[in-house]
Amino acid sequence: MKKIPYILISTGDPAGVGPEITIKTIRSFVTPRVKIIPAGDFNLMKEANALCGTSHAFPLVKMNSLDDIKDLSSNNEILHIELKSDIQKGHVSAQSGKYSYNLLKTCSSLCLKGSASAMVTGPINKESLKMAGYEGGHTEILKDFAGINSIDTIFCIENLKIFFLSRHLPLKDAISLVKKENILKALINIDNQMKMLGYKKPVIGLPGINPHCSDGGIFGREEIEELLPAIKEARQKGINVEGPVGADSIYHLGIKGNFDAILSLYHDQGHIASKTYDFYKTVTMTTGLPYIRTSVDHGTGFDIAWKGHANHESLIKALELAVELVRKQSKPGYTEYSRDA
């Protein structure tokens, strides 16, 4: 068989919506020249398939390794990662946390070895992971598996990319990081990352931190003392950055196409804007890993887990993005993004 790129779907916390949204996605997802491989407990996936009412129309096939692949055009071959203990669906537990960690470890190992080109991750639960003795979430765990110091998490909503100056910090600590040197470093990184993604001349938007960008210092000094100096120096380095723009407007302008990327100055500034615009179609991608990783941008949905009602749009978007990036990576002469086109 001709080798084509493999994209793994890590089905996430077994007690959550991950198995269900995976089944709903793979049964209808059609893409040539890429092999989609869900990874999870085969019996659990069969149960999710029955829940979705597709057991007969979409029978699953069990694989114990990637060597067992028989059909490169199908999405129904499941890489079996055994769930060795009972779980209570819809609830936090150490058992689910341990399984989520081991599932990620297996998928990460395959990607790091080059056996797979990309990983799409379903939702995991940080509380369950902590109960199992693991700290952090996807980003921290995958970074540790890869043995690297830092990676970037980017939100993708339509054609807009949202980067973050800081993420999981108390708000008062996040605001303390809004300093010229941190912003400049982030702008340089965004410019580099966007060019690596194919943007020839990325336009970066920088929001303000204070209401109305402080109205000339009335509501704070950060725009004057930190943001504007960072913008000035970034422009001197050839970076196309605009701002500061009011945080209540900049994300709307970005989605309209005024910016290719925006630097969110703290976690919720970017999260609220993107999820309010379209909760289910916001996806996450990670740069800095030696493979492509995209993800849903929602949680495990324990309140609706295993009831057949979970929305799988975010996983479809995450998978579509992974396919696009894999094809771009493997196809010389892939059309670049350009605002001048």
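It should be noted that the structure appears before, not after, this text.
Residues numbered from 1 in each chain as written. Predicted model: local features only at pLDDT ≥ 70, side-chain atom pairs only at ≥ 80, totals over all residues. Heavy atoms only, no water.

Quick notes on the packing of helix H3 (residues 94-112) against helix H5 (residues 138-146)
Now for step 1: Closest axis-to-axis distance for the H3/H5 pair is 10 Å, and the angle between their directions is 45°. Classified by the angle their axes make, H3 and H5 are oblique. Of the two elements, H3 crosses H5, and the hand of that crossing is right-handed. Contacts between H3 and H5 involve Tyr 101, Leu 104, Lys 105, Ser 108 and Leu 112 from the former and His 138, Ile 141, Leu 142, Phe 145 and Ala 146 from the latter.
Now for step 2: Here the residues of the contact of H3 with H5 are counted per class, giving seven nonpolar, two polar and one charged. (Axes fitted to C-alpha atoms, helices over the stretch in contact; angles between N-to-C directions. Helix = DSSP H or I, 4+ residues; strand = E, 2+ residues; numbered from the N terminus. Parallel < 35°, antiparallel > 145°, perpendicular 65-115°, else oblique. Left-handed = near helix turned anticlockwise from the far one by under 90°. Contact = heavy atoms within 4.5 Å. Nonpolar A, V, L, I, M, F, W, Y, C, P; charged D, E, K, R; others polar.)

Overview of the side chain of His 80
Now for step 1: Within the fold, His 80 resides in strand E4 (residues 77-80).
Now for step 2: Of the residues examined, His 80 reaches a relative accessible area of 15% and is grouped as buried.
Now for step 3: Other than its neighbours up to four places away in sequence, His 80 contacts Gly 40, Asp 41, Phe 42, Lys 62, Met 63 and Asn 64. (Buried < 20%, exposed > 50% of the residue type's maximum accessible area, 1.4 Å probe, protein only.)

Describing helix H10 (residues 267-277)
Now for step 1: Within the span of H10, buried status applies to His 267, Gln 269, Gly 270, His 271 and Ser 274.
Now for step 2: Where the residues of H10 are buried, they touch strand E6 (152-157), strand E7 (160-164), strand E8 (203-207), helix H9 (250-256) and strand E10 (261-264).

What about the layout of surface pockets?
Now for step 1: A volume near 730 Å³ is recorded for the largest pocket.
Now for step 2: As for the largest pocket, its lining consists of 25 residues, of which Ser 150, Ile 151, Asp 152, Phe 164 and Leu 165 are closest to the centre.
Now for step 3: For the lining of the largest pocket, the secondary-structure elements that each account for two or more residues are H5, E6, E7 and helix H7 (180-196).
Now for step 4: For the lining of the largest pocket, the element with the highest residue contribution is H7, accounting for six residues.
Now for step 5: Among the residues forming the lining of the largest pocket, the class breakdown is nine nonpolar, 11 polar and five charged.
Now for step 6: The volume enclosed by the second largest pocket comes to roughly 440 Å³.
Now for step 7: Elements with a contribution of two residues or more to the lining of the second largest pocket: H5, E6, H10 and strand E12 (292-296). (1 Å grid on protein atoms, 1.4 Å probe; cavity = no way out; pocket = protein on both sides within 12 Å on 5 of 7 lines; lining within 4 Å. Points joined across faces, edges and corners; volume = space filled by probe spheres on them.)

Digging into the packing of aromatic side chains
Now for step 1: Taken as a whole and judged by the stated rule, the model has three aromatic pairs.
Now for step 2: Feature note: the residues Tyr 101, Tyr 134 and Phe 145 constitute an aromatic cluster, connected by ring pairs.
Now for step 3: Above the face of the Trp 306 ring, Lys 89 is positioned so that its terminal group lies 5.0 Å from the ring centre. (Phe/Tyr/Trp six-rings, centres within 6.5 Å; stacked < 30°, edge-to-face > 60°. Lys NZ or Arg CZ within 6 Å of the ring centre and 35° of its normal.)

Details of the nonpolar core
Now for step 1: Among the nonpolar cores identified, the biggest contains 59 residues, and Ile 7, Ile 36, Val 120, Ile 183, Leu 206, Val 241 and Leu 263 are the most heavily contacted of them.
Now for step 2: Sorting elements by how many residues they give to this core places helix H11 (residues 313-330) first, with eight residues.
Now for step 3: Filtering out sequence-adjacent residues up to four positions away, Leu 206 remains in contact with Ile 183, Leu 227, Ile 231, Val 241, Glu 242, Gly 243, Pro 244, Val 245, Ile 250, Leu 263 and Leu 265.
Now for step 4: Counting residues in each nonpolar core, the second largest holds 31 residues, with Tyr 99, Leu 110, Cys 111 and Leu 289 among its members. (Core = buried A, V, L, I, M, F, W, Y, C linked by side-chain atoms within 4.5 Å.)

Observations concerning the environment of Asn 49
Now for step 1: Mapped onto the elements of the fold, Asn 49 is located in helix H2 (residues 42-51).
Now for step 2: For the pair Asn 49 and Ile 21, spaced 28 residues apart in sequence, the C-alpha to C-alpha distance is 9.9 Å.
Now for step 3: Not counting chain neighbours up to four residues away, the residues in contact with Asn 49 comprise Ile 23, Thr 54, Ser 55, Phe 58, Pro 59 and Leu 60.
Now for step 4: Among the polar contacts made by the side chain of Asn 49, one reaches the side chain of Thr 54 at a distance of 2.4 Å. (Polar contact = N/O pair within 3.5 Å; in protein donor to acceptor, adjacent residues only side chain to side chain.)

Overview of the packing of H7 against helix H8 (residues 222-236)
Now for step 1: Following both chains from N to C, one finds H7 and H8 inclined at 40°, their axes separated by 8 Å at the closest point. Overall, the two elements H7 and H8 adopt an arrangement that is oblique. When you trace H7 past H8, the crossing you get is right-handed. Across the interface between the two elements, Lys 180, Ile 183, Leu 184 and Leu 187 of H7 pack against Glu 226, Leu 227, Pro 229, Ala 230, Glu 233 and Ala 234 of H8.
Now for step 2: Its residues assigned to classes, the contact of H7 with H8 shows seven nonpolar, no polar and three charged.

Some thoughts on the sheet that holds strand E5 (residues 118-121)
Now for step 1: An order of E3-E4-E2-E1-E5-E12-E11-E6-E7-E10-E8-E9 is seen for the 12 strands of this open sheet, with the pairing classed as mixed. Every interior strand has two partners, whereas the edge strands, strand E3 (61-63) and strand E9 (240-245), have only one. Across the sheet, the axes of successive neighbouring strands diverge by a mean angle of 30°, strand direction being ignored.
Now for step 2: Where E8 meets E9, four bridges bridge the pair, whose relative direction is parallel. Looking at the pairing, Val 203 lines up with Asn 240 of E9.
Now for step 3: Relative to E10, H7 is tilted by about 150°, and along the sheet it contacts E6, E7, E8, E9, E10 and strand E11 (283-287). (Pairing = 2+ DSSP bridges.)

Quick notes on the pattern of salt bridges
Now for step 1: In the structure shown here, the tally under the stated rule is nine salt bridges.
Now for step 2: The closest approach of N and O atoms between Asp 173 and Lys 172, which form a salt bridge, is 3.4 Å.
Now for step 3: A residue is classified by how much of its surface remains accessible, and Asp 173, at 30% relative accessible area, is partly exposed.
Now for step 4: Exposure remark for Lys 172: the relative accessible area of 65% places this residue in the exposed category.
Now for step 5: Residue Asp 297 is joined to Lys 275 by a salt bridge in which the shortest nitrogen-to-oxygen separation is 3.7 Å. Taken as a pair, Asp 297 in the loop between E12 and H11 and Lys 275 in helix H10 lie far apart in primary sequence, 22 residues in all. (Salt bridge = Lys/Arg side-chain N within 4 Å of Asp/Glu carboxyl O.)

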